[in-house]
Amino acid sequence: MVIKKINKQGYFSKVVGKPGNKGCSGDNGPANTAQVTIVAGIAVTNREEIVWADVECNKVRKVTEDGFTTAIAGTSDTSLHSTGSGIAFSTSLTSPRSVSFMDNGDMLVADADYLKKVDINGIVSLATETRFSDLGEVFVTGDGDILIADRGANCIYQIKNR
């Protein structure tokens, strides 16, 4: 599995991954040799870092400015499943499916049936106490509203920015 980007001239370049080589290894190493599984919910930080939900690795990962892959939330150990708070890179995610960034830099993660927030200090917490049916995409609008697609309930929820 690979993640590619297209430049303004229409040319593709590989950002992360090795074609035909699916897996979870490569964190803290060069992005072009890292393995990825099911890529979902790609987002870009204000520093132009590419962030994605790696579904089968149960992590949110990114390519740093210097071209390295690192896990920023989750571990491969799903036995640590947590709905509470903790340090993002050591808190278990169940099946992250989407990521989006708020204006203040906090990251939202659609993780199975909970919407989680990773603040700019790397602390994960529940963004809302609501337990969803089967989360899909999460999106932050220009006004700061949060849109949440719940695939299991066949609906889209909106959390208004107050």
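Quick look at the structure, then. Treat the numbers as computed from the prediction; the structure is a model and nothing was measured. (Residues numbered from 1 in each chain as written. Predicted model: local features only at pLDDT ≥ 70, side-chain atom pairs only at ≥ 80, totals over all residues. Heavy atoms only, no water.)

## Overview of the sheet that holds strand 6 (residues 59-63)
Strand order in the open sheet formed by five strands is 3-7-6-5-4, and the pairing between neighbours is antiparallel. Two strands lie at the open edges of the sheet, namely strand 3 (29-30) and strand 4 (39-44), each paired on one side alone. Alignment of strand 6 against strand 7 (residues 68-73), held across four bridges, turns out to be antiparallel. Along strand 7, the bridge assignment pairs K62 with T70. (Pairing = 2+ DSSP bridges. Helix = DSSP H or I, 4+ residues; strand = E, 2+ residues; numbered from the N terminus.)

## A few points about a nonpolar patch on the surface
On the surface, a cluster of nonpolar side chains totalling about 290 Å² of accessible area is made up of I87, F89 and I123. Mapped onto the elements, I87 comes out in strand 8 (residues 86-87). Its relative accessible area of 44% is what places I87 among the partly exposed residues. (Patch = residues over 30% accessible without salt bridge, like charges linked within 9 Å, V, L, I, M, F, W, Y side chains within 5 Å. Areas by Shrake-Rupley, 256 points an atom, 1.4 Å probe, with all protein chains shown as cover. Salt bridge = Lys/Arg side-chain N within 4 Å of Asp/Glu carboxyl O. Buried < 20%, exposed > 50% of the residue type's maximum accessible area, 1.4 Å probe, protein only.)

## A closer look at the pattern of salt bridges
Taken as a whole and assessed by the stated rule, the structure comprises 13 salt bridges. Here R61 and D54 are joined by a salt bridge, their closest N and O atoms 2.8 Å apart. Here the two residues R61 and D54 agree in accessibility, since each one is buried. The salt bridge partner of D134 is R97, with a shortest N-O separation of 2.4 Å. Here R97 lies in strand 9 (residues 96-101) and D134 lies in the loop between strand 12 (123-126) and strand 13 (135-140), a separation of 37 residues in the sequence.

## Considerations on the sheet that holds strand 15 (residues 155-159)
Spatially, three strands are ordered 13-14-15 in an open sheet, and the strand pairing comes out antiparallel. Only two strands of the sheet have a single neighbouring strand rather than two, namely strand 13 and strand 15. In this sheet, adjacent strand axes meet at a mean angle of 20 degrees when their direction is disregarded. In the sheet, strand 14 (residues 146-150) pairs with strand 15 via five bridges, with the strands oriented antiparallel. Counted as the bridge partner of I146 is I159 from strand 15. (Axes fitted to C-alpha atoms, helices over the stretch in contact; angles between N-to-C directions.)

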